[in-house]
6 protein chains.
Amino acid sequence: MFSVTVRDHVMIAHSFRGEVFGPAQRLHGATYVVDATFRRAALDEDGLVIDIGRASEALGAVLGELNYRNLDDEPDLAGMNTTTEALAKVVADRLADALGESGLDGLVVTLHESHVAWASYERSL
Amino acid sequence: MFSVTVRDHVMIAHSFRGEVFGPAQRLHGATYVVDATFRRAALDEDGLVIDIGRASEALGAVLGELNYRNLDDEPDLAGMNTTTEALAKVVADRLADALGESGLDGLVVTLHESHVAWASYERSL
Amino acid sequence: MFSVTVRDHVMIAHSFRGEVFGPAQRLHGATYVVDATFRRAALDEDGLVIDIGRASEALGAVLGELNYRNLDDEPDLAGMNTTTEALAKVVADRLADALGESGLDGLVVTLHESHVAWASYERSL
Amino acid sequence: MFSVTVRDHVMIAHSFRGEVFGPAQRLHGATYVVDATFRRAALDEDGLVIDIGRASEALGAVLGELNYRNLDDEPDLAGMNTTTEALAKVVADRLADALGESGLDGLVVTLHESHVAWASYERSL
Amino acid sequence: MFSVTVRDHVMIAHSFRGEVFGPAQRLHGATYVVDATFRRAALDEDGLVIDIGRASEALGAVLGELNYRNLDDEPDLAGMNTTTEALAKVVADRLADALGESGLDGLVVTLHESHVAWASYERSL
Amino acid sequence: MFSVTVRDHVMIAHSFRGEVFGPAQRLHGATYVVDATFRRAALDEDGLVIDIGRASEALGAVLGELNYRNLDDEPDLAGMNTTTEALAKVVADRLADALGESGLDGLVVTLHESHVAWASYERSL
């Protein structure tokens, strides 16, 4: 199995609902350094899983819809706690939609919220 | 599949038995930068794999029992070579015990012994 | 010249005023991974610039007053753009106050806002 | 499942054939920071997946055959686009050959071409 | 003193002249991960050393003139060994020219050629 | 001013004397990831601060005398607390001796004891 990963980042504000979150129930924010991994069983005729330029553009477009926003005000995310792991799924699913027919077999999205904590969501395509 | 990872570290002394270890048969030591990854097929009602604060505390407690020690003198580790990969299993198994009934599906523990070498142990829960 | 650096992080929301900031004029947020460097011309009698535990506690206390907050609502920061470089000075000055008589000669605080951008403020003590 | 990873690097020149590569069709080059991960279901009698010294030597020997070269002139790579993912397979397959009978169960090779892009190839042994 | 740093990268081919370079006299290549640090004694009226977007664009433009090229064929670099330290000066000087009147006090450019080696050039403005 | 930095590591055991060290008074150990920075005002005729291969060898030789040892038993270090900052000076001074007449202007040695703490010593040559 082959994979290619590209890295980008997004800076957002949000708050959480639920006692388990303690002080993170207040409005705060995060930089997520985002790694998107594209998997493919065999390379295409150019020797690629996916062109790195195209992968970067696709990730950048998905993150651009979240960047510099307060996620508490985003209609598409209403009613959910935008935890790091939940956002990893949002990014992965939007990326899957954006890729369309791609010949890829799977996708992993990892959001690093700091140098000591990160979360991932992995799905097939 | 979702996952959450937290990072901490531990500083220990130890020595190895066996010619394969060469100069590492002498008493020396290591900083292990430790990543614990918690896996779960579906998020809980708060949108979490595991609360990052709780994950960090659990990892910190397990590492606290090893920190600032000479592993050659630890009764629980007697008779084993405390290689990086063997210690990854010790940390993972102790973490699994500490978590108890957690709803988690799996656990990966990675110990980085330097910027150029690390080892992991992966298990189900 | 000797130095010791400790690393921690803080997660905040904020917005900027001024056209130069473009979309960052909207409420958004950041994780700042914060490095505090303590400088001293000669080591103390224990062979230390500053005890790493004490340095970490001092940095953690200063960051704790900012963590999980919307900086737009902080009275102490009213009227300023809380850019990465301006916050580096806030953290450094508060750390200098917290250290009091320390025997240290200088301080550098670096805030990493992403994997591709960071800012520092350096001052004497 | 256990694993051990060692890191090394290689510096090469090459060019790509195909419009998808845009300006990378010109002769250019890359540093690949290379991680080789060795997997094994159970530890050997010394408590090892593989001795880290031996793993580093094996990786260094494979990379030494590519280092400081123009891959466009390498007979063994003739006719292929030496993309990051294609080279990950070359390194993994040569490493597998070099290891011979090893008791290992699998191998992953990751080539980092920059701080924002990397590729992997995973195979069984 | 304040500073802001932005990171980008460039991928080039080149060779060196001189016995000291050993196998690096052959045509090979490198990814340079490039950090450009901008220094300023006092912040401007927006609270900035330099806008991070503008800094990134300036660095990207300078690196764009080198990217995906064989430096042995660049007329502007003819007759020089394009070592990592020499290229750090090329990038810093070109960046200084591009910035023009900026209110900045100094500039540091660091080129990382691998995870274990990097070089810098520092100058006033 | 130009500089070149090379990275290596060393794994040692030691203990500290003094109440300030708390549990670190027990025999424990550390991996130090060591960065040695060589400074020079002007490049030599090959376009170098120092050849990276020569720099790496010099650093490796100095670290080799400490590697896989219990520093409490080293005669040359008797009577000193081998704190991270004190060891940075030991490495820098030994490196200065090993370099001899070098044309270099200064040296910085940084020892990373974990992902969240490091120390440096800077001296002229």
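### Focus on the overall build of chain A
Then step 1. On a plain count of helices and strands, chain A comes out with two helices and five strands.
Then step 2. The linear arrangement of helices and strands in chain A, starting from the amino end, is β-β-α-β-α-β-β.
Then step 3. In terms of C-alpha radius of gyration, chain A reaches 15 Å, essentially the compact-globule figure of 14 Å for 125 residues.
Then step 4. The contacts in chain A between residues at least 6 apart in sequence include a share of 65% that link residues at least 24 apart.
Then step 5. Here chain A displays about 4800 Å² of accessible surface, and carbon together with sulfur accounts for 45% of that area.
Then step 6. Between the centroid of the 10 positive side chains of chain A and the centroid of its 20 negative side chains there is a distance of 4 Å.

### Observations regarding helix α2 (residues 84–99) of chain F
Then step 1. Here α2 of chain F spans 22 Å end to end across 16 residues, near enough to the 22 Å set by a 1.5 Å rise per residue.
Then step 2. What α2 of chain F keeps buried is the set T84, E85, A86, L87, A88, V90, V91, A92, L95, A96 and L99 of chain F.
Then step 3. Where α2 of chain F is buried, its residues touch β1 (2–14) of chain C together with β2 (28–40), α1 (52–64), β4 (106–114) and β5 (117–124) of chain F.
Then step 4. Note on α2 of chain F: the residue one or two positions beyond its end, G100 of chain F, has a positive phi of about 60°.

### A word on the relation of the copies chain A and chain C
Then step 1. Each copy superposes on the other: chain A lies on chain C with an RMSD of 0.0 Å after a rotation of 180° and an axial shift of 0.0 Å. Such a turn and shift between the copies fits a two-fold axis.
Then step 2. A high fraction, 100%, of the interface residues of chain A reappear at the interface in chain C, so the copies pair face to face through one surface.

### Focus on the pattern of salt bridges
Then step 1. Within this structure, the stated rule accounts for 36 salt bridges over all chains.
Then step 2. Of the charged contacts, one joins R94 of chain A and D76 of chain A as a salt bridge, the two residues approaching to 3.6 Å between their closest N and O atoms. On the criterion of sequence distance, the pair formed by R94 of chain A in helix α2 (residues 84–99) and D76 of chain A in the loop between β3 (69–70) and α2 is long-range, its members being 18 residues apart.
Then step 3. When its relative accessible area of 64% is taken as the criterion, D76 of chain A is described as exposed.
Then step 4. Between E65 of chain F and R94 of chain F there is a salt bridge, with the nearest N and O atoms lying 3.8 Å from each other. Taken together, the residues E65 of chain F in the loop between α1 and β3 (69–70) and R94 of chain F in helix α2 connect sequence positions 29 residues apart.
Then step 5. Assessed through its relative accessible area of 46%, E65 of chain F is described here as partly exposed.
Then step 6. Each of E65, D76 and R94 of chain A takes part in salt bridges that share partners, so that together they form one network.

### Points about the environment of F21 of chain F
Then step 1. With respect to the helices and strands, the residue F21 of chain F is situated in the loop between β1 (2–14) and β2.
Then step 2. Sequence separation between F21 of chain F and L99 of chain F is 78 residues; the distance between their C-alpha atoms is 34 Å.
Then step 3. When residues no more than four places from it in sequence are discounted, the contact partners of F21 of chain F are D46 and L48 of chain C together with F16, N81 and T83 of chain F.

### Considerations on the pairing of strand β2 (residues 28–40) of chain E
Residues and elements named next belong to chain E.
Then step 1. For β2, the buried fraction is high: twelve of the 13 residues fall into the buried class.
Then step 2. Here strand β1 (residues 2–14) pairs with β2 via 13 bridges, running antiparallel. If you follow V6 over to β2, its bridge partner there is A36.
Then step 3. Note that β2 and strand β4 (residues 106–114) share seven bridges and pair antiparallel. Looking at the pairing, F38 lines up with L107 of β4.

### Describing the interface of chain A and chain C
Then step 1. Taken residue by residue, the interface counts 23 residues in chain A and 23 residues in chain C.
Then step 2. Summing the contributions of chain A and of chain C, the shared interface buries around 1900 Å²; its carbon and sulfur component is 63%.
Then step 3. At the boundary of chain A and chain C, one finds zero salt bridges.
Then step 4. One can count eleven residue pairs in polar contact (both at pLDDT 80 or more) joining chain A with chain C.
Then step 5. Among the elements that make up the side of chain A that touches chain C, the one with the highest residue count is strand β1 (residues 2–14) of chain A (six residues).

### Details of the interface of chain E and chain C
Then step 1. Chain E puts 16 residues into the contact, and the matching count from chain C is 17 residues.
Then step 2. Inspection of the chain E/chain C interface yields zero salt bridges.
Then step 3. By residue class, the composition of the side of chain E that touches chain C is nine nonpolar, three polar and four charged.
Then step 4. Bridge count between strand β5 (residues 117–124) of chain C and β1 of chain E: five bridges; the pairing is antiparallel. Of the residues in β1 of chain E, the one forming a bridge with A119 of chain C is V4 of chain E.

### Here's the deal with the confidence of the model for chain A
Then step 1. Across chain A, pLDDT averages 97, with 100% of residues at or above 70.
Then step 2. Confidence metrics for the complex model read pTM 0.98 and ipTM 0.97.

### Here we look at the pairing of strand β4 (residues 106–114) of chain B
Residues and elements named next belong to chain B.
Then step 1. Counting buried positions along β4 gives nine out of nine residues, so the element sits mostly inside the fold.
Then step 2. Judged from the eight bridges that link them, β4 and strand β5 (residues 117–124) form a sheet pairing that is antiparallel. Opposite L107, over in β5, you have R123 as the bridge partner.
Then step 3. Between β4 and β5, which pair antiparallel in sequence order, lie two residues.

### Points about the relation of the copies chain E and chain C
Then step 1. With an axial shift of 0.0 Å and an RMSD of 0.0 Å, the rotation relating chain E to chain C amounts to 120°. On this basis, the relationship between the two copies can be described by a three-fold rotation axis. Residue H115 of chain E of chain E places its C-alpha closer to the rotation axis than any other residue of that unit, at 8.7 Å.

### Re the packing of helix α1 (residues 52–64) of chain D against helix α2 (residues 84–99) of chain D
All names here are of chain D.
Then step 1. With their axes 10 Å apart at the nearest point, α1 and α2 run at an angle of 125° to one another. In this view, α1 runs oblique relative to α2, as classed from their interaxial angle. In the crossing of α1 with α2, the sense of the turn from one axis to the other is right-handed. Across the interface between the two elements, R54, A58, L59, V62 and L63 from α1 touch V91, R94, L95 and L99 from α2.
Then step 2. Of the residues contributing to the contact of α1 with α2, the split by class is seven nonpolar, no polar and two charged.

Parameters and conventions
- Residues numbered from 1 in each chain as written.
- Chains lettered and ligands numbered in written order.
- Predicted model: local features only at pLDDT ≥ 70, side-chain atom pairs only at ≥ 80, totals over all residues.
- Heavy atoms only, no water.
- Helix = DSSP H or I, 4+ residues; strand = E, 2+ residues; numbered from the N terminus.
- Rg over C-alpha atoms; globule rule 2.2 N^0.38 Å.
- Contact = heavy atoms within 4.5 Å.
- Areas by Shrake-Rupley, 256 points an atom, 1.4 Å probe, with all protein chains shown as cover.
- Lys, Arg positive; Asp, Glu negative; His and termini not counted.
- Charge placed at Lys NZ, Arg CZ, Asp CG, Glu CD.
- Expected span 1.5 Å × (residues − 1).
- Buried < 20%, exposed > 50% of the residue type's maximum accessible area, 1.4 Å probe, protein only.
- Least-squares fit on C-alpha atoms with pLDDT ≥ 70 in both.
- Salt bridge = Lys/Arg side-chain N within 4 Å of Asp/Glu carboxyl O.
- Pairing = 2+ DSSP bridges.
- Buried area = accessible area lost by both parts, 1.4 Å probe.
- Polar contact = N/O pair within 3.5 Å; in protein donor to acceptor, adjacent residues only side chain to side chain.
- Nonpolar A, V, L, I, M, F, W, Y, C, P; charged D, E, K, R; others polar.
- pLDDT = per-residue confidence, 0-100.
- Axes fitted to C-alpha atoms, helices over the stretch in contact; angles between N-to-C directions.
- Parallel < 35°, antiparallel > 145°, perpendicular 65-115°, else oblique.
- Left-handed = near helix turned anticlockwise from the far one by under 90°.

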